[in-house]
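# Observations on the model geometry
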Amino acid sequence: MVARRVQTAIRVTLGAGLAAQAATIAGLAVVDHQRKRDRRDVSFPSAPPVDVSLDEVAEMAVFTRGSDLFDAMIDAIDGATQNILFETYIWKADAEGRRFKDALTRAARRGVAVHVVYDWFANLVVPQQFFRFDHRVTVMPHQPWTGLRGRVVRSPGLNHRKILVVDGREAFVGGYNIGSLYATQWRDTHLRVRGPAAAELENAFVDYWNGARGRRHAALPQPPARLWHSTFSVVRNVPSVGVYPIRYMYLEAIDRARDHIWLTHAYLIPDDDLVIALTDAAARGVDVRVIVPAASNHIVADWLSRGFYRTLLRGGVRLFLYRGTMVHAKTATIDGIWSTIGTANLDSLSLIGNYEVNAQVIDEALAAEMEQLFHMDAAQCRELTLDRWSERSLIAKVSEAILAPLRPLL
């Protein structure tokens, strides 16, 4: 009898908790809908891409405005003579999306070998006829179970990567999806790499393709040469084989920091180890700053992120809320020497869930460029203080507590 009462109490408690979470999410959805409906034209600072040389292995440029990036990517596609490897998460069927599709089709028709990967789940709202290509373009949609055929199943995952490699000599990686919205209205960051280091991103695409392909798709050859010693490297999360090194890349870099850690992230839902690493760094005198959206495109993610603000602020981490538009970048620069630009957010979906890819660069010139961009973005922000955060409404505090159990899922 007692056991039955306990079971009933547990079921009632769980049910009440789930109902409260559902009601809170529904309320946030209403607020988000109104917010998006009232959204006005946006403006935000950006900087033209500046070439930075990395010894003899690469010439790099950082892009902070989608229209500049998309022009550079289209120019690279139009200049291709041998092969194009293109991988994206979201690909809208709008003017910019069609522009990319047309450029890839033109390349295939002139004899360039074009291989395309897009995430099927992320594009369910896109008319599926958009992904019907000229037969000369080899297309492979990534589905959550892609790569699990014929091997030990470890974990499915979405393909959140964004890579373009042209002729093995020019490559792009970063946070930008493909679409008109991202061309002009989102603040994001992408990296262009020219030279021998581009082979690292080519290898990342080839490894994914060969591991995920079915019988209809032929294997791709590995890059003919890759560098053993380089200050440029590519770090990849691969759920199908249970490998998630990007999280450890961040933890190691944060642990090494002695002067400053400057992060910009669209979705900040860190696990306990990352929270401890950041607050420990602040405690030893490191200047730890994080830029996050004041309001992102995922309102639930915003509220889950806010559940960490008090701990981070009390631990000495400075938080800056980016205003005016969505900041979607996934970047960091540390101690004037280490930087990363990629696709992984500081949340569970990216760090132990999705296929992700980050470029890691140990170079003072690139770090200096990243620091300038951080200052540019910080000027668009409002710093959040602990006193100000403590003054938020009781409703906000209760809502954060209700949603807190969802943090490990995102």
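None of the values given here were measured: they were computed from a predicted structure.

With that out of the way, let us pick up the overall build of the protein chain. Looking only at helices and strands, the protein chain features 13 helices and 18 strands. Taken across its 410 residues, the protein chain has 54% of its residues classed as buried. Considering only contacts in the protein chain between residues 6 or more positions apart, those separated by 24 or more positions represent 78%. As displayed, the protein chain has an accessible area near 18300 Å², and 55% of this comes from carbon and sulfur atoms.

Our focus in this paragraph is the sheet that holds strand β18 (residues 381-384). With respect to topology, eight strands assemble into an open sheet ordered β10-β17-β16-β15-β11-β12-β13-β18, the strand pairing being mixed. With partners counted over all chains shown, the strands left at the sheet margins are β10 (232-237) and β18, one partner each. Taking the axes of each pair of neighbouring strands and ignoring which way they run, one obtains an average angle of 20° across the sheet. Relative to strand β13 (residues 318-322), strand β12 (residues 287-293) runs parallel, the two sharing five bridges.

The next subject is the sheet that holds strand β9 (residues 190-194). Strand-to-strand pairing in sheets goes through backbone hydrogen bonds, with the strands running parallel or antiparallel. Strand order across the open sheet formed by eight strands is β1-β2-β9-β7-β6-β3-β4-β5, with mixed pairing between neighbours. The strands lining the two open edges of the sheet, one partner per strand, are β1 (52-54) and β5 (137-142). Neighbour to neighbour, the strand axes of the sheet diverge by 15° on average, direction disregarded. Relative to β9, strand β7 (residues 170-174) runs antiparallel, the two sharing five bridges.

Secondary-structure assignment places Arg-98 in helix α3 (residues 95-109). By relative accessible area, Arg-98 is classed as partly exposed at 43%. Between the C-alpha atom of Arg-98 and that of Ser-180, which follows or precedes it by 82 residues, the distance is 9.9 Å. Beyond its immediate chain neighbours, meaning those up to four positions away, Arg-98 contacts Lys-92, Ala-93 and Phe-130.

A separate point is the confidence of the model for the protein chain. When pLDDT is averaged along the protein chain, the result is 87; 82% of the residues meet or exceed 70. Overall, residues 28-33 carries pLDDT values under 50, and its contacts beyond four positions in sequence, including any with other chains, amount to seven contacts.

Backbone phi values are negative for most residues with the exception of glycine, while trans is the configuration of most peptide bonds. In this structure, Asp-55 is a non-glycine residue whose phi angle is positive, near 50°. Its location among the elements puts Asp-55 in the loop between β1 and β2 (58-63). You can call Asp-55 exposed: its relative accessible area is 64%. Even without glycine at this site, Asp-335 takes up a positive phi of about 55°.

Oppositely charged side chains may form a pair once their charged atoms are brought near each other. In total, this model carries 19 salt bridges according to the counting rule given. As a salt-bridge pair, Arg-109 and Asp-134 come within 3.0 Å of each other at their nearest N and O atoms. Note that Arg-109 is positioned in helix α3 and Asp-134 in the loop between β4 (113-119) and β5, a separation of 25 residues in sequence. Assessed through its relative accessible area of 55%, Arg-109 is described here as exposed. Where Glu-170 meets Arg-169, a salt bridge forms, and the shortest distance between an N and an O atom there is 3.4 Å. Residue class for Glu-170 comes out buried when judged on its relative accessible area of 6%. Take Arg-169: its relative accessible area is 38%, and that puts it in the partly exposed class. Residues participating in the shared-partner salt-bridge network are Glu-59, Asp-167, Arg-169, Glu-170 and Arg-194.

What follows is about the nonpolar core. Ranked by size, the top nonpolar core spans 43 residues in total, and within it Phe-70, Ile-84, Phe-86, Trp-91, Phe-100 and Val-114 carry the most contacts. The set of elements that each furnish at least two residues to this core consists of β2, α2 (66-78), β3 (83-88), α3, β4, β5, β6 (163-166) and α4 (180-184). Counting residues per element, this core draws most heavily on α2, at seven residues. Membership of the second largest hydrophobic core comes to 38 residues, among which are Ile-246, Met-249, Ala-277 and Phe-308.

About the criteria used
- Throughout, a residue's number is its position along its own chain's written sequence, starting from 1.
- This being a predicted model, a pLDDT of at least 70 is required before a residue's local features are given, and a value of 80 or more before pairs of side-chain atoms are given or counted; all residues contribute to the totals for chains, interfaces and linings.
- The side-chain numbers reported here are obtained from all heavy atoms of the structure, hydrogens and water having been left aside.
- Note on conventions: DSSP H or I runs of at least 4 residues are helices, E runs of at least 2 residues are strands, and numbering of each starts at the N terminus.
- Remark: exposure states derive from per-residue accessible area (1.4 Å probe, protein chains only) relative to the maximum for the residue type, with buried under 20%, exposed over 50%, and partly exposed in between.
- In this description, contact between two residues means that some pair of their heavy atoms is separated by no more than 4.5 Å.
- Here the accessible surface of atoms and residues is derived via Shrake-Rupley with a 1.4 Å probe, and residues count as covered only by protein chains that are part of the display.
- Each pair of strands is called paired provided DSSP finds at least two bridges between the two strands.
- Orientation is described by lines fitted to C-alpha atoms, with helices fitted over the stretch in contact, and by angles between N-to-C directions that extend from 0 to 180 degrees.
- pLDDT measures how confident the predictor is about each residue, on a scale from 0 to 100.
- Basic side-chain nitrogens of Lys or Arg form a salt bridge, by our definition, when they fall within 4 Å of a carboxyl oxygen of Asp or Glu.
- Buried residues of nine kinds, namely Ala, Val, Leu, Ile, Met, Phe, Trp, Tyr and Cys, make up a nonpolar core once their side-chain atoms join them within 4.5 Å.

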